[in-house]
Amino acid sequence: MILGRQHRRLAVMSNCIRICRCLKTYPSTIRQCGAARSYSQLSSMQLDLKRALQSADSQSVNGSSFADRSQLKYARRLVIKLGSAVITREDEHGIALGRLASIVEQVAECHQEGRECIMVTSGAVAFGKQKLTHELLMSLSMRETLSPNDHARKDVRTLLKARAAAAVGQSGLMSLYDAMFSQYGVKIAQVLVTKPDFYNDETRKNLFSTLSELISMNIVPIINTNDAVTPPPQDDDLIKSKGKKVISIKDNDSLAAMLAAEVSADLLILMSDVDGIFTRPPKQEGAKMIWTYNSDMADVIQFGKKSTVGTGGMDSKVQAATWALNRGVSVVICNGMQEKAIKSIVLGRKIGTFFTNAPTANATPVETLAENARYGSRILQKLPAADRASAIYALAELLISKQATILDANEKDIAIATKEGTAAPLISRLSLTPAKLKSLAIGLKQIAETSHTNVGKVLKRTKISENLDLTQVTVPIGVLLVIFESRPDCLPQVAALALSSANGLLLKGGKEASHSNKALMDVVKEALATVGAQDAISLVSTREEISDLLAMDNHIDLIIPRGSSDLVRSIQDQCAHIPVLGHAEGICHVYVDKDANLEKALTIIRDSKCDYPAACNAMETLLIHEDLFGGPFFNEVCDMLKKENVQLFSGPKLSSRLTFGPPRAKSLKHEYGELACTIELVSGMDSAINHIHTYGSGHTEVIVTENSEAATKFQRDVDSACVFHNASSRFADGFRFGLGAEVGISTARIHARGPVGVEGLLTTKWILKGDGHAAAEFAEGGGRTYVHEHLPVDN
């Protein structure tokens, strides 16, 4: 008895410590718990701490369920229901071990993070059927031997009864769970219930007392109905118990809902074999996924047949979810076969259907925005080129006429960034000025001019045969997703490029520029309205994670990230099904040849590094021919850069020549993005080229030399998107190239490369005009022959 009390005290103390860590309270709070004189006093402290945690986690949800997915990360008590279709093999005789192991791993991770997990599981019948099938086949083998014509063997599955299978399979299922959870050091306990247990006050009280005790001891309860003795399902959705209406326990969905409400769970996850709730059965044409559900949507859903495995259907899941939601429990119905579904939900990812009582958000679902962008792109394609150009001119004029509104919004973003201690270079990227807006307007007018010749441009004409002509023409890519950080000025630039190329566009900006982006988007919408294509371009301002947008391969054709190397690399790593255009790093080099004009060299180096050090086209490594090391030039370069407050680092060759010099660079493949750079010595042209190929990112490289042959060799042999002679690396820019603006800079080797303007946002299609031609006619003896004659192109 004494040991039991000590064990409970230790378990409660352990739980208090975990809650204190979640609350980030001072160690004194933990010491107070340790000083508790009695078990009841410690339990009371634990309850107070839990209430404090729930209060801290639920500030934004008015004491009710969570309002949106981003708040699910605060869920501490989870009820996870595994449907039969999730953990049962397709033949219904056995457990899907791989899938179940993944779910157990996720639950264990949640448990180890300090969340309290309760599982409601199916599977006992399937596990039992697997065992009984084997036993029956063994017992029938003798009969088959004696009577080869005995057909009982093929009917063995019809001999199996669900209740008997449940009785046989229950212990095996729990042994399996125990073995799986033990791999993560997690203790579990089986709680076997019958449905009447919930309607009897005594057993109900005992049940939830047991669950509370198990949770307090850091044990994961696994609950299942005792299907060996369970009565037939109730038909009523609600029944009365002691005058109080409670949900009818018809299946594990309603069981899980009842449990979640009774234990005051923060989140109920109902795992099924479908992705979520659809407006009609998923296989029917026109069925659309409902990502966020509230009670107002009850009339828009048509339910199909229930699952062939288990007792529940989608209508029962919705009823159970709604019942739990109305009692303060957030609910997600998801596909349990989806990889890492539980962890993704808890992280706030867009997985399954999220149930909320919060008012329907005014923001348009991002799927609708993408569909509108597709439709808008088709409208833009139909417009005369002059109309698209006029819309861009209108946008350029609006940037000037609405300047005061735009700058006021930008000042709000800058004030917030300054208050949060944002670094000066980032604030510089964030800020808008009258000069920037004027420069933007000039660039947009350049883009407008390109609208007259880009879409529908004939690139090639071929006469295939008599009266059979083939034409290759330029067309928009479709729908673009541009994800950008900090710089709000790129929003009108990219919008103008999309408009000129007749592409639909989704823009996802960073929250640091939210006020500026909204003001600029209002201007873009006003310009689009002049040609009746308001929905062709939209700003994604909902709470979707970027990872959710990257999964929209049915809606988005090309993703273009603009921002830090971390952002670009993250997008490239995450995106598996949509092409990504961009560059992860801008490691640009300036090579000063032995035949360089040293005055030019100083000017180019200063501009390349100091004009805008945060830009991707800024110099990060300065390569100097070793013949220049002994003269005054090296000291002049170092002095000039130091006066510009540039922090210098030395490469290994330079470091070996200096006794007291700049500190050794940690890496030669590094983008500083600030007033810092590496200086390295090279033995000559080939050494410089090899260094660039080894440590460069394929962005922009510069040679400073008066030797034209050396310049030609450098520009031929260096394999980067931009290679310059006697000019600053800062010229690697769409506006400076005369493209009007750029949607980004690409270091890819297919499609667009370097600064990407309108041409980089176009693809082609082939148009064939015939007169009843058939391919079979060109086979041997068919009577027709190929000509393949190139025809002149007239645009």
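In case you missed it, the structure is sitting above this.
All residue numbers refer to position in the chain's written sequence, counted from 1. Per-residue local features are limited, in this predicted model, to residues with pLDDT of at least 70; the limit for side-chain atom pairs, both in listing and counting, is 80 or more; totals at the level of whole chains, interfaces and linings are taken over all residues. Side-chain measures were taken over the full set of non-hydrogen atoms in the model, leaving aside hydrogen atoms and water.

## What about the side chain of N224?
Move 1: By the secondary structure assignment, N224 is in strand 4 (residues 220-225).
Move 2: For the purposes of these results, a polar contact is taken to be a pair of N or O atoms within 3.5 Å, where, inside protein, one atom must be able to donate a hydrogen and its partner to accept one; residues adjacent in sequence count only when each atom of the pair is a side-chain atom. Within the structure, the side chain of N224 is placed 3.3 Å from the side chain of Q170, a separation counted as a polar contact.
Move 3: With near-sequence residues (within four places) excluded, N224 lies in contact with T121, A124, Q170, L173, V191, L192, V193 and N252. A run of H or I in DSSP counts as a helix once it spans at least four residues, and a run of E counts as a strand once it spans at least two, with each numbered from the N terminus. Whether two residues touch is decided by their heavy atoms; if any such pair falls within 4.5 Å, the residues are in contact.

## Focus on the pattern of salt bridges
Move 1: Should a side-chain nitrogen of Lys or Arg be within 4 Å of a carboxyl oxygen of Asp or Glu, the pair is scored as a salt bridge. Inspection of the entire model under this criterion finds 26 salt bridges.
Move 2: Close ionic contact of K518 with D522 constitutes a salt bridge, the shortest N to O distance being 3.6 Å. A residue pair is termed a helical-turn pair when its members lie 3 or 4 positions apart in one helix, as K518 and D522 do in helix 18 (residues 514-529) at 4 residues.
Move 3: Linking K713 and D686 is a salt bridge whose minimum nitrogen-to-oxygen distance equals 3.4 Å. Taken together, the residues K713 in helix 25 (residues 708-717) and D686 in helix 24 (residues 685-695) connect sequence positions 27 residues apart.
Move 4: Type-normalised accessible area, obtained with a 1.4 Å probe on protein chains alone, sets the label of each residue: buried when under 20%, exposed when over 50%, and partly exposed for intermediate values. For K713, a relative accessible area of 26% translates into the label partly exposed.

## Quick look at the environment of L622
Move 1: Counting through the fold element by element, L622 comes out in strand 20 (residues 619-625).
Move 2: Counting along the chain gives 29 residues from L622 to G651, while the straight-line C-alpha distance between them is 9.7 Å.
Move 3: Other than its neighbours up to four places away in sequence, L622 contacts V590, V592, I605, V637, T678, I679 and E680.

## What about the nonpolar core?
Move 1: Think of a nonpolar core as a cluster: buried Ala, Val, Leu, Ile, Met, Phe, Trp, Tyr and Cys residues, connected wherever their side-chain atoms sit within 4.5 Å. With 54 residues, the main nonpolar core has V482, L491, L505, L507, V524, I537 and V743 as its most contacted residues.
Move 2: Sort the elements by how many residues they give to this core and helix 17 (residues 490-501) lands first, with 8 residues.
Move 3: Apart from residues lying up to four places away in sequence, L507 is in contact with V482, F484, L491, V494, M521, I537, S538, L539 and V540.

## Some points on the sheet that holds strand 18 (residues 558-562)
Move 1: Read across the sheet, 4 strands follow the order 17-16-15-18 without closing on themselves; strand pairing throughout is parallel. Among the strands making up the open sheet, the edge pair consists of strand 17 (537-539) and strand 18. The average undirected angle you get between the axes of adjacent strands in this sheet is 15 degrees.
Move 2: Where strand 16 (residues 504-508) meets strand 17, 3 bridges bridge the pair, whose relative direction is parallel. Note on strand 17: the bridge partner recorded for L507 is L539.
Move 3: Here the axes come from fitting lines to C-alpha atoms, over the contacting stretch only for helices, and the angles between their N-to-C directions go from 0 to 180 degrees. The strands touched by helix 12 (residues 366-382) within the sheet are strand 15 (479-484), strand 16 and strand 17, with strand 16 carrying the most contacts at an inclination of about 145 degrees.
Move 4: Docked against the sheet, helix 18 engages strand 15, strand 16 and strand 17, running at close to 160 degrees with respect to strand 17. Two strands qualify as a pair provided DSSP detects at least 2 bridges between them.

## What about the environment of G352?
Move 1: Relative to the assigned elements, G352 resides in the loop between helix 11 (341-346) and strand 12 (353-355).
Move 2: Classification of G352 as buried rests on a relative accessible area of 4%.
Move 3: Sequence spacing of G352 and I290 is 62 residues, and the spatial spacing of their C-alpha atoms is 8.4 Å.
Move 4: Those residues in contact with G352, other than ones at most four positions away along the chain, are R69, D275, M289, W291, V332, I333 and C334.

## Description of the sheet that holds strand 1 (residues 77-82)
Move 1: Overall, mixed pairing links the 8 strands, which are arranged 3-4-2-1-7-11-12-10 in an open sheet. Since the sheet does not close on itself, it has two edges, and those belong to strand 3 (188-193) and strand 10 (292-293), each with one partner.
Move 2: Here strand 11 (residues 330-335) runs beside strand 12; their pairing, made up of 3 bridges, is antiparallel. Note that in strand 12 the partner of V332 across the bridge is F354.
Move 3: Of the strands in this sheet, strand 1, strand 2 (116-121), strand 3 and strand 4 are in contact with helix 8 (residues 201-216), which crosses strand 3 at around 170 degrees.

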